[in-house]
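So the chains spell out like this:
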There are 2 protein chains.
Amino acid sequence: MNGSKKDSIRKYKLTYFDIRGRGEIPRLLFHAAEVEFTDDRIDSEEKWYNSLKAKMPQRVLPVLEVDGKLLSQSLTICRYLAREFGLCGKTSWEQALVEQVVDTMDDLRAEVAKWIYEKDTEKKDEIGSHLRSEIYPKFFGILEDILKENEENNNRSGYLVGDSLTLADLSVFETFTFPLSIHPDILDDHLELQEHRKRIETHKHLADYIKNRPVRPV
Amino acid sequence: MNGSKKDSIRKYKLTYFDIRGRGEIPRLLFHAAEVEFTDDRIDSEEKWYNSLKAKMPQRVLPVLEVDGKLLSQSLTICRYLAREFGLCGKTSWEQALVEQVVDTMDDLRAEVAKWIYEKDTEKKDEIGSHLRSEIYPKFFGILEDILKENEENNNRSGYLVGDSLTLADLSVFETFTFPLSIHPDILDDHLELQEHRKRIETHKHLADYIKNRPVRPV
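Note that this is a predicted model, so its numbers are computed, not measured.

Quick look at the packing of helix 5 (residues 121-152) of chain B against helix 6 (residues 167-182) of chain B now. All names here are of chain B. Running from N to C, helix 5 and helix 6 cross one another at 150 degrees; their axes reach a closest spacing of 13 Å. Classified by the angle their axes make, helix 5 and helix 6 are roughly antiparallel. Every pair of crossing elements has a handedness; the one defined by helix 5 and helix 6 is left-handed. Residues Tyr 136, Phe 140 and Leu 143 of helix 5 touch helix 6, and the partners they reach there are Val 172, Phe 176, Pro 179 and Ile 182.

Moving on, we come to the pattern of salt bridges. Per the stated rule, a full pass over the model turns up 32 salt bridges over all chains. Linking Arg 79 of chain A and Asp 103 of chain B is a salt bridge whose minimum nitrogen-to-oxygen distance equals 3.1 Å. Here Arg 79 of chain A is found in helix 3 (residues 74-84), whereas its partner Asp 103 of chain B is found in helix 4 (residues 92-117) on a different chain. For the pair formed by Arg 79 of chain A and Asp 103 of chain B, the shared burial category is buried. In this structure, Asp 18 of chain B engages Arg 216 of chain B in a salt bridge whose closest nitrogen and oxygen atoms are separated by 2.9 Å. Here Asp 18 of chain B, found in the loop between strand 1 (12-17) and helix 1 (24-33), pairs with Arg 216 of chain B, found in the segment after helix 8 (207-212); they are 198 residues apart in sequence, far enough to count as distant. Exposure remark for Arg 216 of chain B: the relative accessible area of 27% places this residue in the partly exposed category. Beyond isolated ion pairs, a larger network of salt bridges with shared partners links Asp 18, Glu 24, Arg 27, Asp 39, Arg 41, Arg 213 and Arg 216 of chain A.

Another point: the interface of chain A and chain B. Each side of the interface is counted separately: chain A has 31 residues, and chain B has 31 residues. Both faces combined, the contact of chain A with chain B buries some 3,000 Å², and carbon together with sulfur accounts for 46% of it. On inspection of chain A and its partner chain B, the count reaches six salt bridges. A salt bridge links Glu 99 of chain A to Arg 83 of chain B; the nearest nitrogen and oxygen atoms lie 3.4 Å apart. Summed over the shared surface of chain A and chain B, the result is 24 residue pairs in polar contact (both at pLDDT 80 or more). Those elements that provide at least two residues to the side of chain A that touches chain B are strand 4 (69-71), helix 3 and helix 4 (92-117) of chain A. Examining the composition of the side of chain A that touches chain B, we find that 10 residues originate from one element, helix 4 of chain A, more than from any other. When the residues that make up the side of chain A that touches chain B are grouped by side-chain class, the tally is 11 nonpolar, 12 polar and eight charged.

Moving on, we come to the relation of the copies chain A and chain B. Here the two chain copies are tied together by a rotation about an axis and a shift along that axis. With an RMSD of 0.0 Å, chain A superimposes on chain B once it is rotated by 180 degrees and translated 0.0 Å along the axis. Seen this way, the second copy is the image of the first under a two-fold rotation axis. A share of 100% of the interface residues of chain A reappears at the interface of chain B, consistent with the copies meeting face to face through the same patch.

A separate point is the side chain of Thr 15 of chain B. Its place among the elements puts Thr 15 of chain B in strand 1. Overall, Thr 15 of chain B belongs to the buried group, its relative accessible area being 5%.

Residue and element names in this part refer to chain B. Put simply, helix 1 and helix 6 touch, their axes get as near as 10 Å, and they point 135 degrees apart. With respect to helix 6, the element helix 1 is oriented oblique. The interaxial crossing formed by helix 1 with helix 6 has right-handed handedness. On helix 6, the residues touching Glu 24, Ile 25, Leu 28, Leu 29 and Ala 32 of helix 1 are Leu 167, Leu 170, Ser 171, Phe 173 and Glu 174. Among the residues forming the contact of helix 1 with helix 6, the class breakdown is seven nonpolar, one polar and two charged.

Calculation rules
Residues numbered from 1 in each chain as written. Chains lettered and ligands numbered in written order. Predicted model: local features only at pLDDT ≥ 70, side-chain atom pairs only at ≥ 80, totals over all residues. Heavy atoms only, no water. Axes fitted to C-alpha atoms, helices over the stretch in contact; angles between N-to-C directions. Helix = DSSP H or I, 4+ residues; strand = E, 2+ residues; numbered from the N terminus. Parallel < 35°, antiparallel > 145°, perpendicular 65-115°, else oblique. Left-handed = near helix turned anticlockwise from the far one by under 90°. Contact = heavy atoms within 4.5 Å. Salt bridge = Lys/Arg side-chain N within 4 Å of Asp/Glu carboxyl O. Buried < 20%, exposed > 50% of the residue type's maximum accessible area, 1.4 Å probe, protein only. Buried area = accessible area lost by both parts, 1.4 Å probe. Polar contact = N/O pair within 3.5 Å; in protein donor to acceptor, adjacent residues only side chain to side chain. Nonpolar A, V, L, I, M, F, W, Y, C, P; charged D, E, K, R; others polar. Least-squares fit on C-alpha atoms with pLDDT ≥ 70 in both.

Encoded structure:
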């Protein structure tokens with residue numbers, strides 16, 4: 001029932017601010033699938049508030065435009081694109097495993113956001129310590145279990161679900177990018193997660209984009 | 001690629017605490033689809049902490065067990081069941097529209113949770129006022145737009161996506177239940193949303209369950 005018809009003449013536009021944020025996983029999906037899209041990066045607050053915001057279905061970005069139809073909600077956009085591009089698992093159960101990882105990374109993202117938005121220096125340090133001592137280890141453990149389980153199911157691909165790249169891998173890659181920028185050593189004792197990260201970074205459809213994409217703090 | 005094989009001899013168990021919380025939308029899905037499942041309600045903290053927690057993949061509930069395999073993340077569980085039961089739209093785009101509503105309701109849920117978890121009476125009142133003056137109207141507006149757009153696409157079904165009940169409708173129904181318990185008048189000026197709510201409440205597969213289910217505050 002889903003996404004089996006891959007229609008290459010579809011016109012896609014992704015509208016988002018000029019940061020990685022909640023737009024980067026969709027961008028990675030387009031590149032991984034080698035599907036053309038308009039990467040509409042809004043870099044003027046004036047443009048957003050005065051002309052664009054009122055036209056967006058939920059008054060927020062990112063918004064995906066598909067042949068003129070609009071879709072909100074970043075994770076919904078990710079899953080839709082992943083289904084269309086065959087990057088969402090090969091069965092409904094694999095799709096569930098992919099989505100489970102994506103939702104888990106969204107939980108991690110919410111934890112990291114507490115650090116980003118905290119203004120008080122002392123509290124920010126506390127949140128940083130908590131991330132290092134509790135939060136990162138918890139999520140690393142979950143992902144290591146998933147990698148191990150996938151390997152035990154005879155998928156020695158090194159990907160998180162099944163035997164090829166999926167949205168799950170892109171989600172983990174992007175969600176770790178910011179934490180690694182503030183805590184560069186967090187993967188030092190996690191060789192499998194390092195290798196997983198390198199696998200995405202050097203993927204034949206992604207390496208060029210990741211190397212040359214606009215550098216943004218978040 | 002998804003969920004077309006509806007296998008009625010599958011064994012489903014949903015393990016969650018004895019509240020609606022993040023377990024109720026999955027429960028509503030089972031009832032809407034008339035699919036048998038074990039509704040495993042954990043009502044003892046001792047049982048959870050001492051014997052169950054360590055066995056759960058992410059040490060949290062709900063967990064869905066499908067023929068012995070475990071799945072975490074409540075929204076992933078909802079989407080998986082909805083796909084299996086044909087309650088997730090008829091095309092990949094409809095599925096995206098369904099998921100967009102579900103993610104939007106999760107945003108509303110997060111706003112309402114701020115009220116639930118606030119201990120300070122004064123701050124709680126402030127959050128309550130903000131919910132009434134800003135948050136509810138924003139989300140009601142989004143849903144009214146979606147209902148209207150679906151009607152303009154010739155679906156006079158009164159459901160949110162396409163011409164029949166989907167996960168989107170169940171998600172809205174459940175997400176409003178708690179706000180209506182603390183602010184019973186919020187739908188007074190929103191006739192279409194009232195009618196939508198009644199449509200779910202009186203649905204032939206749901207009416208009995210909703211009338212007779214365990215009454216829980218959340």
